[in-house]
Each structure stands twice: as structure tokens, then as C-alpha cells.
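Take a look at the letters that make up each chain.
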Amino acid sequence: NAYYDIAISPEVIAHIPNQKAYLDRVANLLKPTGYLILTTPNKFVMKRSDWPPQPAEHIEQWLSMAQLKRLLRLRFRILYISTTNPLGHRGILRLLNSYKIITLLGKFIARKNLESLKEKAGYGYTIVVLARLT
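Secondary-structure assignment places Gln61 in the loop between helix H2 (43-46) and helix H3 (65-72). For Gln61, a relative accessible area of 31% corresponds to the partly exposed category. In sequence terms Gln61 and Ile13 are 48 residues apart; their C-alpha atoms lie 8.0 Å from each other. Within the structure, Gln61 has its side chain in polar contact with the backbone oxygen of Pro17 (distance 3.1 Å).

Written out as C-alpha cells, the structure is:
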């Protein structure tokens, strides 16, 4: 306990049955000034994308940004949270990721800026978090 300065958890939390207990364990491993870097698939995007069915034993507890924030705030102070890699093609994502709309908007706004806006708005596939133990 209280041994590590930083914990990195890439794409793990969505596959853990008890996510709160997992974050408690991570928090216990960190020194009082420890940091957590965590990534996880974005539930909002996952529900609006076509992914092949997974085996029944595969744990999939996708989190939205709001759900992840609530879990993290029990033990951590969130320093940064955003998403990366906007994708998906159902619901609002069909519009936001439409080639025709992106091409049209690209005449007025640089594509890089459009992608950045979507990521900051929470429409990216992966949620990225930097948090510090409280």
C-alpha cells in the first residue's frame, strides 16, 4: 500500500465486475500524492457503433464520462478528462461523423479543429483521464 507514484490503467475498468473496488485498490496502492492515468471505451460511442457480439463470459461494463467521473471522484481529483478518436455512426454520431458534413464544415473550420471539438464534447471512442489521489 502507498508504494507507487503513478498507476496506469489502459482499457481495463470496463472489464472489471466491481469497478469501485478496483479504483479503491488502485488508490490504496498509490502514495498520497499519486496519479492515475486511465483509459476506457466511451459508453456513449459504444452504444452507437457496430461491434461484433462478444462471448457471454466477456465482461462489458462500459462507462459514460459522467459515470466515470462519479466513480473517480470518490477517491481522486480529476485533473484532465477528454475523449479521443471520434467515431460511431448511429444517432447523433451519424451526423457528427458524416463525411459530407465534415467536408462541408472543413471549408470553414480546419479538420483538426473539428476533431478536437468532438473529442472535448465527449464524442470520442476512448475516454482519457489524469487524476490525482485526494
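If you trace the 4 strands from one edge of the open sheet to the other, you get S1-S2-S4-S3, paired in mixed fashion. If you trace the sheet from one side to the other, it starts and ends with strand S1 (4-10) and strand S3 (76-86), each paired once. Averaged over all neighbouring strand pairs, the angle between strand axes comes to 10 degrees, with direction disregarded. Two strands pair when backbone bridges link them, and S3 and strand S4 (residues 124-133) are joined in this way by 9 bridges, in the antiparallel orientation. Looking across to S4, one finds that Ile78 is bridged to Ala131. Here helix H1 (residues 19-29) sits on the sheet and contacts S1, strand S2 (30-41), S3 and S4; the angle it forms with S2, its principal contact strand, is near 145 degrees. Taken strand by strand, H3 contacts S2, S3 and S4, and its axis lies near 155 degrees from that of S3.

Calculation notes
The residue count restarts for each chain, going from 1 along the sequence in the order it is written. Reporting of local features is limited, given that this is a predicted model, to residues whose pLDDT is at least 70; pairs of side-chain atoms are given and counted only at 80 or more, and all residues count toward the totals for whole chains, interfaces and linings. Only heavy atoms go into the side-chain values, all of them from the structure, while hydrogens and water stay out. Under the scheme used here, helices are H or I runs from DSSP no shorter than 4 residues and strands are E runs no shorter than 2 residues, and both carry numbers assigned from the N terminus. Burial status follows relative accessibility: with a 1.4 Å probe on protein chains alone, a residue under 20% of its type maximum counts as buried, one over 50% as exposed, and anything between as partly exposed. Polar contact criterion, stated in full: a pair of N or O atoms within 3.5 Å, where within protein one must be able to donate a hydrogen and the other to accept it, and residues adjacent in sequence count only if both atoms are side-chain atoms. Think of it this way: DSSP has to see at least two bridges between two strands before they count as a pair. Orientation is described by lines fitted to C-alpha atoms, with helices fitted over the stretch in contact, and by angles between N-to-C directions that extend from 0 to 180 degrees. The contact criterion used throughout is that any non-hydrogen atoms of two residues lie within 4.5 Å.

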